[in-house]
Structure formats: C-alpha cells, structure tokens
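Coordinates in review
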Amino acid sequence: MFKSAIAIIEGVKAALQAIRANAMRSALTCLGIIIGVASVVTVVAVMQGFTKQINEQLSDLSPDVTSIKPYVALEDQMVGKQSKLSYDDFLYLKNKIKQIDVMTANMLSFNFANGAQYQNYIHSAQVIGTDSDYQKLYKTFPEKGRYLRESDDEKRRRVALVGETVIEKLHLPENPVGEYIKLAGKWFHIIGVGETQDSFLGFDQNNYIYIPISTMSTLDGGDRGIITIRYRLKVGADEEIVKRQITKILRQRHKISSGQPDDFQFETAKKAKERTKELTTSITGVTAGIVGISLIVGGIGVMNIMLVSVSERTRVIGTLKALGATPGFIMLQFLVEAVVLSLFGGMIGLAIGYGLSELISLMIPNLSDTHIPTWAVLLSFGFTSAIGIIFGLAPAIKAARLNPIDALRYE
Amino acid sequence: MSKVIQLNEITKHYQMGDQTFKALDGINVDIDENEYVAIIGPSGSGKSTLMNIIGCLDTPTSGEYHLKDKLVEKMSETELAQQRNKSVGFIFQSFNLLPRASALENVMQPLVYRFIPQSERQKQALESLKRVGLEDKIHHLSNQLSGGQRQRVAIARALVTKPHILLGDEPTGNLDSKTTQDIMKLFDELHEEGHTIILVTHEQEIADHCHRVIRLVDGKVVADTRKKTEERLHV
C-alpha cells in the first residue's frame, strides 16, 4: 500500500513535469477530453435547470386537481382509433357526480384555430372554451373587467377574456374591456383581461382567449372539439370511489364493452411530475451518453501522446530501470501520468462546462439557475480517470516491458 | 577477504538466424571486496555483455553468477530490478541523468525504489553529493552542470544506495583529459574508502588506475593481471 503510494506520488510528479515541459502538446492532447467533459457537464447542468424549472412550475399546479383526458393506446392510434370526451359527457358528469366540489372543462376547437381579428390586426392566439368554474378551480382573478360567469355559459354569450399578449398583438387599447374581436367569424365582446403568468420554458403563457364553453360548442359544428375535464373533490370525498363512478359513466356513454380498455385517463399533478421526471432523466441520460463518446475520442488522444512520451523517454526509462525501478513501478508511474493528464483535461472541461452553462442560463430567459450536481462532477472525474487508466494501459505496459539494455542504448 | 562477485563458466549466446553468436564463452572470474578492476578489450569482445550480466541488467545463457551471496540466475525482471537497486551502482558514459531534475533529485531517485520516506532520501542524497564535492550545486539542473559535474552527480547517485559494487561503463568517455583526471582521482579515493569498483573501458590510462586488469577477447578472458603495490599508479 505504502509502496504504491510512493509510486503514485512519483507518477504525479513526473506527469506534472511532463505537462509543464510540453504545455502546448498536453493542452492539445487533452482537447478531446476537455470538449467531452465540457459538453457532458453543460448538458447535464442545463437539463438540471430545465428539470428544476419544470418542477417549480408543476408545483404551482394545484395538487388537488384531477384531469380526465381522452386516451388511446399508441398501437390503437396507429390503426386510426380515436377517442374524445364530448361536451355532453362533461355536462352529464357535472350534474351526476355529487362528491365533486368544482368541475370545469377546457375545449379546443379547430374552428377557432384561425385566430382573432381586431380592426386590421390578425393574431393567432389559443382560444379555449371553458366556464365560470375555471375561476373557482384555479382561484384566478381578472386583471381588468370580469371573469366568465355562469350566465355567460347559460346564454351562450359571445364574450371573451383575453391575455396580455393578445392585447399587445392585436393592438387593443390598454383597457380592452368593451371592445369587440372577431373569432371564428363572429364578434365577441371583451369582458376582461386574465391574470398575467410567467412564461414557461420560454413559452408565452399569456397568449390565450377564454370564451364560454357552450358558445364554443355551438360554433364548433359537429362536436369536433377536444375537451379536457378537470375537477376537485369535496373535502373528505374518496378519490377512488369518484374515479370508479366517472369511469362507469364514461364507459357506458362511450359504449365500451367489458374487456375493452378505457378511452380516457385520469391525471393528477403528482402523476404529471413523475412523468416529467422520467422524461428529463432519460433525456439527460441519452444526451450525456452521446457526448460521452467524445470522451472516448479524447482517450485515444491520451493514448497516442502517452505512446509518444514513452518513446521519447526510452533512455530515461532505461536509466530508471538501471537504478532499480521494477516493471510494476514503471507501469504504475505511466498509468498515473495518463490519469493525471486526463484529469487535467477533465478539470479544464469542467470549468468550461460551468462557464457554458452559466452563459446558457443567461441566454435562455426564465431558465432556472443551471446547476451542476455533485454526482455529475464526481462522474466526470471518475470517467476521465477511467479513460486515463484504460487508454494509458497500453503505453504503460510498453514502458514496463522495455528491455533496460536496449533502452539505455536508445538514441 | 570475502568475494563480491563469482562468475562460474558464464556464457551468453545470441541466436542470429541459424548461427549462434557467443558473446561470452565461459567466463570464470572472482572479484573480492574492495578490488579496483578494469575490464578491457576491443569492441565486440563481450565486455559490455559481461558488464550487463554483472550489473544484473541481463542473465547469462548458462553458468552461475553469485553477487555477494545471491545467485543471480533466472531471476524475474522484478527481482533483477531489486537486485540492481540493492547491489549495483551504475555510472554511464553519457551520465544518464534525469532531465528536468535537479542534482539532488537525481541522487534521490534510486532511494525511491527502496520506498524510503522523502526526508530520509534527501538526507542521504545530500551526504552523497557532499562526498563528490557538489554540495553547492544540489539545486542545479543537469543542463546547468558541466560534464565533470554531471558525472559527479552520477557517481553520487551510484553511491547513495551503498551498493556492493560500483560499475562504470566508460565513465570518462565523454570527458576531456583534465576532467578525466579529476574523475579518476575520485574513483581512486572511493577505492581507498573501501568501495569495490569495476570499470569497463578501452582507455589504457583508465586501466592504469586500476589494480587489476581483465582483458577480454572474443568472449574469453585472455589476461587477468593483478598489479603489485609498487606498480600501482598514484595520482
């Protein structure tokens, strides 16, 4: 143990000396490793930033809200099977399920995909059909004017609540309440401006127009709209019982025979969080893996330069052997040198990766602080050391096997 | 006086295609403690091969070689290395100092392979450098030293392990005559102090310093003469 320690110290000394003596060459040798580590670190840091931001945003989602969405398994989608929740499904459930505190729906319709018009300005905004319970469910309040009311829905009024971006793009007055905009060929009366939200991953969150879901359903023509139902239970209600009730009703309404799978699914904030976590973890893994290949290229560079180094120092190796260096000692020394060289590249790469990720977090607005987790630092050092050992092995064995007599005579 | 080196029917054969080249062909030589020996002979006579075997850089094809009490025969690379470190102090024609290392670091190097702690290595190396008169040059790099100074560093490095033999391979081959005299004087002194010295050379004036001259021709000892005290050269 103690003997190996001395060999390692000697190896580190020799390595630092060699790096100093050939600074330029060492830097170029390490380039592959520098680039490799820098990219891995940057990717991981940025992905961590994204994950952190997504989690922050998801924790804003009300944890007690459950969504019901149409769902068709991928293999069924491929044979053209579709599913949807209808406006009537929504109304039926809303009246039928007693355990529910609030239930609302979001509807998207192709008829509204052309966007909104005000005077000569046309802007493509996300037009969503919903009802007054949306406000109750999310406890959101209008900046100006009022929110959608129950009576708007009952009377299928052509009224609209707009987001900040819509006002800006359509050149609406600062207080647009009372103005009219054209949606799907009809004039809608602006009744309010919705709460301004921070952008999410660079996506604008204020480019929306809310209209009563009954109005949208009427203008949709043929029930082609896509509906997501959201609800919150009454305090003390059993989540599973409600889910079973809803499932039973929807299966009946959709005429699904027993044995066939549901054509809808429930989703909660918790479930969404788990899914994003899975997704970001696998994206991080895959990208880190891909850029990790450049580390192998870097390792070949290290091997190359170590082979050159062994040739250059043949006489020195001969001398060391004459002085009593055992093959094992020489081998360990050159292995350590390769590891030091790789680690040197790893450290520079880490610094560059750190700088790059800082830069990226400055360039992408609202991206949470990128951060380099300790495991990534340890992993990149572990990986570069491993690269040093693996690719240093061949040169080290070559050095250890040199015949001392020939090595001493080497010119 | 105890024997340091016993060479018994040593042969070294090299296979070159179909032919066997006999670099050494039955060498029988004993060297006692504190002997001062020159091995001379024309090039190709086998003196380098003999030196390599004595220095444990190589093993003989046949025959027995005892270095002190140890039989150096069919040793592994690792055992040979340990033997070199323990028993032999090499002094090379071209000094073979480690580049980019100071005189002190050069002299400390063999002690690394004895796994001696740094401070102790430094202490012993300093003593050794003092012995060769370079205590004021310990931090000089080898390229900042003259040829004679470099060879003194090499001698200090050979001495630092307190080996059984000092083995010089043309130790003054790269030095001018004035420096050669200085270095030979140092060898003379080391011999006086009790060291066993073996020099491989083809220069008569080096051989003149030694007290015993072994002449090799074609891998065989053709002459082995010990000088009487009055014949010895005193500088």
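Residues numbered from 1 in each chain as written. Chains lettered and ligands numbered in written order. Predicted model: local features only at pLDDT ≥ 70, side-chain atom pairs only at ≥ 80, totals over all residues. Heavy atoms only, no water.

Quick word on the overall build of chain A
Where we set the bar: In this text, helices come from DSSP runs of H or I with a minimum length of four residues, and strands from runs of E with a minimum of two, each type numbered from the N-terminal end. The globule rule used here is 2.2 Å times the number of residues to the 0.38 power, and the radius of gyration it is set against is calculated over C-alpha atoms. Each residue gets one of three labels from its accessible area relative to the maximum for its type: buried under 20%, exposed over 50%, partly exposed in between, using a 1.4 Å probe on protein chains only. Here, residues are in contact when the closest pair of their heavy atoms is within 4.5 Å.
Tallying secondary structure elements over chain A gives 14 helices and 12 strands in all. Against the 2.2 N^0.38 benchmark of 22 Å for 411 residues, chain A shows a C-alpha radius of gyration of 33 Å, more extended than a compact globule. Dimensions of chain A along its principal axes, counting C-alpha atoms only, are 100 × 55 × 40 Å. The burial tally for chain A puts 49% of its 411 residues in the buried class. When contacts within chain A are restricted to residue pairs at least 6 apart in sequence, those whose partners lie at least 24 apart make up 80%.

Quick look at the overall build of chain B
The condition that has to hold: Only four residue types enter the charge count: Lys and Arg as positive, Asp and Glu as negative, with His and the chain ends excluded. Here the site of a charge means atom NZ of a Lys, CZ of an Arg, CG of an Asp or CD of a Glu.
Per the secondary structure count, chain B includes seven helices and 10 strands. Radius of gyration (C-alpha) of chain B: 18 Å, near the 18 Å computed for a compact globule of 235 residues. For chain B, restricting intrachain contacts to residue pairs at least 6 apart in sequence, the fraction spanning at least 24 positions comes to 69%. Computing the positive centroid from 29 side-chain charges and the negative centroid from 33, chain B places the two 4 Å apart.

A word on the sheet that holds strand E4 (residues 62-67) of chain B
Residues and elements named next belong to chain B. Note the following rule: Strands qualify as paired when DSSP identifies two bridges or more between them.
Spatially, four strands are ordered E2-E1-E4-E5 in an open sheet, and the strand pairing comes out antiparallel. In this open sheet, the two edge strands, each paired with only one partner strand, are strand E2 (19-32) and strand E5 (70-71). Across five bridges, strand E1 (residues 3-16) lies against E4 in antiparallel orientation. Residue Leu 7 lies in a different strand from E4, and its bridge partner there is Tyr 65.

Brief notes about the UniProt feature "transmembrane region" (unreviewed entry) in chain A
Residues and elements named next belong to chain A. Let me state the cut-off plainly: UniProt positions are given in the numbering used here, feature names are shortened, and annotations may be inferred rather than shown by experiment.
Those residues carrying the UniProt feature "transmembrane region" (unreviewed entry) are residues 27-50, 283-308, 329-352 and 372-394 in this numbering. Secondary structure across residues 283-308 divides into 100% helix and 0% strand, with the first and last C-alpha atoms of the span separated by 39 Å. Across residues 372-394, the secondary structure splits into 91% helix and 0% strand, with the terminal C-alpha atoms separated by 33 Å.

Points about a nonpolar patch on the surface
Residue and element names in this part refer to chain A. Our working definition: Exposure above 30% relative accessible area and the lack of any salt bridge qualify a residue for a patch; like charges then connect within 9 Å, and the nonpolar side chains Val, Leu, Ile, Met, Phe, Trp and Tyr within 5 Å. Here, Shrake-Rupley sampling with a 1.4 Å probe gives the accessible areas, and only protein chains in the shown set may cover a residue. The term salt bridge refers to a side-chain nitrogen of Lys or Arg lying within 4 Å of a carboxyl oxygen of Asp or Glu.
On the surface, a nonpolar cluster with roughly 580 Å² of combined accessible area is contributed by Ile 348, Ile 352, Leu 356, Leu 359, Leu 362 and Met 363. Position of Leu 359 relative to the elements: it lies in helix H12 (residues 327-363). A residue is classified by how much of its surface remains accessible, and Leu 359, at 46% relative accessible area, is partly exposed.

Digging into the interface of chain A and chain B
Cut-off, in case you're wondering: Take the accessible area each of two parts loses on contact, using a 1.4 Å probe, and add the two losses: that sum is the buried area. Between N or O atoms, a polar contact is any pair within 3.5 Å; within protein, one atom must be a potential hydrogen donor and the other a potential acceptor, and residues adjacent in sequence are included only when both atoms are from side chains. Under the grouping applied here, Gly and all other residues not named as nonpolar or charged are polar, the nonpolar ones being Ala, Val, Leu, Ile, Met, Phe, Trp, Tyr, Cys and Pro and the charged ones Asp, Glu, Lys and Arg.
Taken together, the contact pairs 23 residues of chain A with 25 residues of chain B. When the buried surface of chain A facing chain B is broken down by residue, Ala322(A), Leu323(A) and Ile405(A) rank first, second and third, together holding 23% of it. Counting the contacts that link chain A with chain B gives one salt bridge. Between the two partners, chain A and chain B, sit six residue pairs in polar contact (both at pLDDT 80 or more). Of all the elements in the fold, those that place two or more residues in the side of chain A that touches chain B are helix H1 (2-21), helix H11 (314-322), H12 and helix H14 (404-409) of chain A. Take the side of chain A that touches chain B: its biggest share by element is seven residues, from H1(A). By residue class, the composition of the side of chain A that touches chain B is 13 nonpolar, four polar and six charged.

Observations regarding the side chain of Ser26(A)
Residues and elements named next belong to chain A. Tracing the backbone through its elements, the reader meets Ser 26 in helix H2 (residues 23-60). A distance of 2.7 Å separates the side chain of Ser 26 from the backbone oxygen of Asn 22, its partner in a polar contact. In this view, Ser 26 contacts Ala 18, Ile 19 and Leu 341; residues no more than four positions away in its chain are not counted.

Thoughts on the packing of helix H10 (residues 269-312) of chain A against helix H13 (residues 374-401) of chain A
Residues and elements named next belong to chain A. The test is simple: Between N-to-C directions, angles span 0 to 180 degrees; the directions come from axes that are lines fitted to C-alpha atoms, helices contributing only their stretch in contact. The labels follow the angle: roughly parallel below 35 degrees, roughly antiparallel above 145, roughly perpendicular from 65 to 115, and oblique for the rest. A clockwise turn of the near helix away from the far one marks a right-handed crossing, whereas an anticlockwise turn of less than a right angle marks a left-handed crossing.
Taken N-terminus to C-terminus, the directions of H10 and H13 make an angle of 30°; their axes are 9 Å apart at the nearest point. Classified by the angle their axes make, H10 and H13 are roughly parallel. In this structure, the crossing between H10 and H13 has a hand that is right-handed. Of H13, the residues touching H10 (which contributes Gly 292, Leu 295, Ile 296, Gly 299, Ile 300, Met 303, Met 306, Leu 307, Val 310 and Ser 311) are Phe 383, Thr 384, Ile 387, Phe 391, Ala 394, Pro 395, Lys 398 and Ala 399. When its residues are assigned to classes, the contact of H10 with H13 shows 13 nonpolar, four polar and one charged.

Side note on the pairing of strand E9 (residues 186-193) of chain A
Residues and elements named next belong to chain A. Summarising the sheet, strand E6 (residues 144-145) and E9 pair through two bridges and their orientation is antiparallel. Of the residues in E9, the one forming a bridge with Gly 145 is Gly 192. Of the strand pairs in this sheet, strand E7 (residues 159-162) and E9 are connected by four bridges, and their pairing is parallel. Paired with Val 162 across the two strands is Val 193, which belongs to E9. Sheet topology note: the strand E8 (residues 180-183)/E9 ladder contains four bridges and is antiparallel.

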